[in-house]
Amino acid sequence: VLDVVNTIFQEENAPFTINNQKTRYASNAGRNWNLGLMFNNRGQITVGHKRKKRMKNGLYYFFRDNHEQITWSKEDTQVLAGELAYIQQIEPDALNQHIEKLQQRYNCSWLALRKTILSS
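The rules behind each value
Residues numbered from 1 in each chain as written. Predicted model: local features only at pLDDT ≥ 70, side-chain atom pairs only at ≥ 80, totals over all residues. Heavy atoms only, no water. Phe/Tyr/Trp six-rings, centres within 6.5 Å; stacked < 30°, edge-to-face > 60°. Buried < 20%, exposed > 50% of the residue type's maximum accessible area, 1.4 Å probe, protein only. Helix = DSSP H or I, 4+ residues; strand = E, 2+ residues; numbered from the N terminus. Core = buried A, V, L, I, M, F, W, Y, C linked by side-chain atoms within 4.5 Å. Contact = heavy atoms within 4.5 Å. Arc of directions from axis to C-beta.

Quick word on the packing of aromatic side chains
Within this structure, the stated rule accounts for 5 aromatic pairs. With 5.2 Å between their ring centres and 70° between their planes, Y60 and Y61 make a pair best called edge-to-face. Among the residues examined, Y61 registers a relative accessible area of 40% and is labelled partly exposed. Ring centres 6.3 Å apart and planes at 15° place the aromatic pair F63 and Y106 in the stacked group. Residue F63 is located in helix α2 (residues 49-67), and its partner Y106 is located in helix α4 (residues 96-106); the two are separated by 43 residues in the primary sequence.

Given below as structure tokens:
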């Protein structure tokens, strides 16, 4: 594959070349990580199950603490909101079901709680 790509670049007089020291080969069996994202064996880009599990745990503690009237700091809320936004950019439906479940369980809205904390 590299030979074909290099030949095309030479024929097109491309202003760049492939850096062989940075070239990696990946298996089609999955677990192909690049820049913190994984291209899995189903051809999907994912943030990985460990990161999703950490975010689910973070959401759980956020809702539980709010229910027990423990207010998170603005900084901690921003970190959680940023991580959730990142995951939803990569996998839009990854956490929506979990968020809905926690909202129903604790009878409050993630967006409302976040807004309240961040506006204070």
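Now that the structure is up, let's keep going.
A look at the nonpolar core
L59, F62, F63, L80, L84 and W110 are the most contacted members of the largest nonpolar core, which totals 18 residues. Elements with a contribution of two residues or more to this core: α2, α3 (74-90), α4 and α5 (110-119). Non-local contacts of W110, meaning those with residues more than four positions away in its chain, are made with L59, F62, F63, L80, A81, L84, I99 and Q103.

Focus: α4
All of the buried residues along α4 are H98, I99, L102 and Y106. What you see down the axis of α4 is that its buried residues fit within an arc of 100°, all on one side. Seen from the buried face of α4, the exposed residues on the opposite side, beyond 90 degrees, are Q97, K101 and Q104. N107 occupies a position one or two residues after α4 and carries a positive phi of about 55°.

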